[in-house]
Amino acid sequence: MAATSPQHTSPEKFYIEACDDGVDAVLAIDRVSNEMTLTDHLYVISILSHKMYPCNTVNPWISPLTGMYLIVITKKRNVGSLLGHAVWKAVDFDIISYKKTVLHLTENQTQDNKTFLSMINNVLTTDGFYFCTDYDLTHTLQRLADVSHDFQEMSLLERADQRFVWNGSLLREFLTQPEVLDPDPVIVMKPCRVNGKIFEWILISRRSCFRAGVRYYVRGIDSEGHAANFVETEQIVLYNGGRASFVQTRGSMPFFWSQRPNLKYKPKPLISKNTNHMDGFQRHFDSQVLIYGKQTILNLINQKGSEKPLEQAFAKMVSGMENGMIKYVAFDFHKECSGMRWDRLNILVDNVAETQDEYSYFMVDAAGKVLSQQKGTFRSNCMDCLDRTNVIQSMLARRSIQSQLQRMGVLHVAQRIEEQADFEKIYKNAWADNANACAKQYAGTGALKTDFTRTGKRTQMGLVMDGVNSAIRYYKNNFSDGFRQDSIDLFLGNYAVDETDGPTPLRIQKDWKFLTLPIIMVVAFSMCIICLLMAGDTWTETLAYVLFWGAAAAVTAAVIVFNGRDFVDAPKLVQKEKMD
């Protein structure tokens, strides 16, 4: 764990020292006026009474109930170096109030403030916050290679791709502090050896903070065209001064649909009937073409059952756009790979091979000369854009790195990357870790099908683990994701805390059914078991009791499932439907 710079606290001010060597200035934050100034290091040393916190990066967060809070990264871990710039993972945080007391709050406000703080902690403790103090992690190598002088003169925060700056709303007070940046990607950085040649292999997944949320509460797009669970994944190879990268994206199907949890294992997805889908759909792909160039959509959902209408709607909208820059490919992942026939995934890879060659990848030599540019991206999706999507993305990325390493002279022309056992192990594990990180942030558990990503085949143990993760997902999606969604909305500034002592969304009372029906069901089921264990005078009497209480339990359970939405943990802070 890396050493961190100190933060000093006096009754009037916070004093935060820079974490970079050779910087003597100290950032002083007035705890009353919130004013920020740079002061001399020696002045801080002269303060006799202060408390010291280990601190690396700071973010102000405001709760009108108690005023400003300071969020500081107290522990960081170095995950590697990108083009000579140290990349850090934030490991631990502290939330410090500007106010020295909360005695001015009412009892209700105090309880609400504790809940809000626990929500912020919930986001901060979700694994996957990375930052770099002197390099822009939010842009791909290709975007950074083609920027103006004015862009280079901007601070990191000003020039960052705002889609991937998760603490953007927290940094409103720090817009003049360019070193403060804390995006939320997944980063894997590994030194690798093939044919005795050492190269750096890096995998960066940048999760968008626009339309951010959890699995069942955030689907489709919003009116601005931002897709749920949108992730930009860049695979980078560095060798002998040369650089290469290959970019892919994933995101929810970009029209207005929802799939709210209702206690059923797989809620039925619903396509909005009262919305103009093409407006948001057009905005989404206009931005994708502007940023990435040509688009090939890989839709991996089922082409039967409840997912079939979604596939048909997606195909119809792409056809209706009549845009030559966008190509649509539907591939029923589950049908094609049924019966453990995972080799059939090569059907899709071979089908888009010519398109992938056309799109190419970004590459520059040691002298900085651009040898090739990526002209388009594959936009993959399944229902969650997690499990099936990650498998396909890893296969396309493998095909890309095969060509890159051959062109860089690491691989011989006749060699296959799959034959390099040491690298293949690193590669598969990294992509499986990438799947797990993305899945934990969106679905609450590790990804499914990672045994195939890690080993190249499905295993019985992998099937068992998928079952365990599916059960955990069911519980979290129904009984804890409302709190997680509220936490994300609060962290991103989608909800503003009301300082009045009136009723808040947190204190909205549940309907009478929420407590009454579960109690009746538990009592009825318990009586049914008791009647089985404590038989009556005759078997007919026992059977009658068992049938009565069993029927009561079954009917109550049916009523609960029928009113499923009343029993799940729904978001409270942002009341509008997340599908618009």
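Residues numbered from 1 in each chain as written. Predicted model: local features only at pLDDT ≥ 70, side-chain atom pairs only at ≥ 80, totals over all residues. Heavy atoms only, no water.

Per an unreviewed UniProt entry, the chain goes by the name SAC domain-containing protein and belongs to Oncorhynchus mykiss.

Q: Kindly report on the nonpolar core, identifying the contributing residues and their values.
A: Phe-199, Trp-201, Leu-345 and Phe-423 are the most contacted members of the largest nonpolar core, which has 42 residues in total. Residue contributions to this core peak at 8 residues, all from helix H11 (residues 387-408). Counting residues in hydrophobic clusters, the runner-up holds 34 residues, among them Ile-71, Met-119, Phe-131 and Val-568. (Core = buried A, V, L, I, M, F, W, Y, C linked by side-chain atoms within 4.5 Å. Buried < 20%, exposed > 50% of the residue type's maximum accessible area, 1.4 Å probe, protein only. Helix = DSSP H or I, 4+ residues; strand = E, 2+ residues; numbered from the N terminus.)

Q: I'd like a description of empty space enclosed by the protein, backed by residues and values.
A: Across all of its chains, the model carries 3 cavities of 30 Å³ or more by this definition. Within this model, the largest cavity holds a volume of roughly 130 Å³. Surrounding the largest cavity, 11 residues form its lining, Val-123, Thr-126, Arg-207, Gln-441 and Ile-488 being those nearest its centre. Residues of the lining of the largest cavity, tallied by class, amount to 4 nonpolar, 3 polar and 4 charged. (1 Å grid on protein atoms, 1.4 Å probe; cavity = no way out; pocket = protein on both sides within 12 Å on 5 of 7 lines; lining within 4 Å. Points joined across faces, edges and corners; volume = space filled by probe spheres on them. Nonpolar A, V, L, I, M, F, W, Y, C, P; charged D, E, K, R; others polar.)

Q: Report on the environment of Val-364, specifying residues and quantitative values.
A: Counting through the fold element by element, Val-364 comes out in strand S18 (residues 362-364). Judged by relative accessible area, which is 4%, Val-364 ranks as buried. In this structure the C-alpha to C-alpha distance between Val-364 and Gly-241, which are 123 residues apart in sequence, comes to 8.8 Å. If near-sequence neighbours (up to four positions away) are discounted, Val-364 is found in contact with Gly-242, Arg-243, Lys-369, Val-370 and Leu-371. (Contact = heavy atoms within 4.5 Å.)

Q: Explain the layout of surface pockets to me, and be specific about the residues and the numbers.
A: By volume, the largest pocket is sized at about 580 Å³. Contributing to the lining of the largest pocket are 26 residues, with Lys-89, Asp-127, Gly-128, Ala-437 and Lys-440 lying nearest its centre. For the lining of the largest pocket, the elements supplying multiple residues, two or more each, are strand S7 (67-82), strand S10 (185-194), helix H12 (421-442) and helix H15 (481-491). Looking at the lining of the largest pocket element by element, the count peaks at 8 residues for H12. In the lining of the largest pocket, the residues fall into 10 nonpolar, 8 polar and 8 charged.

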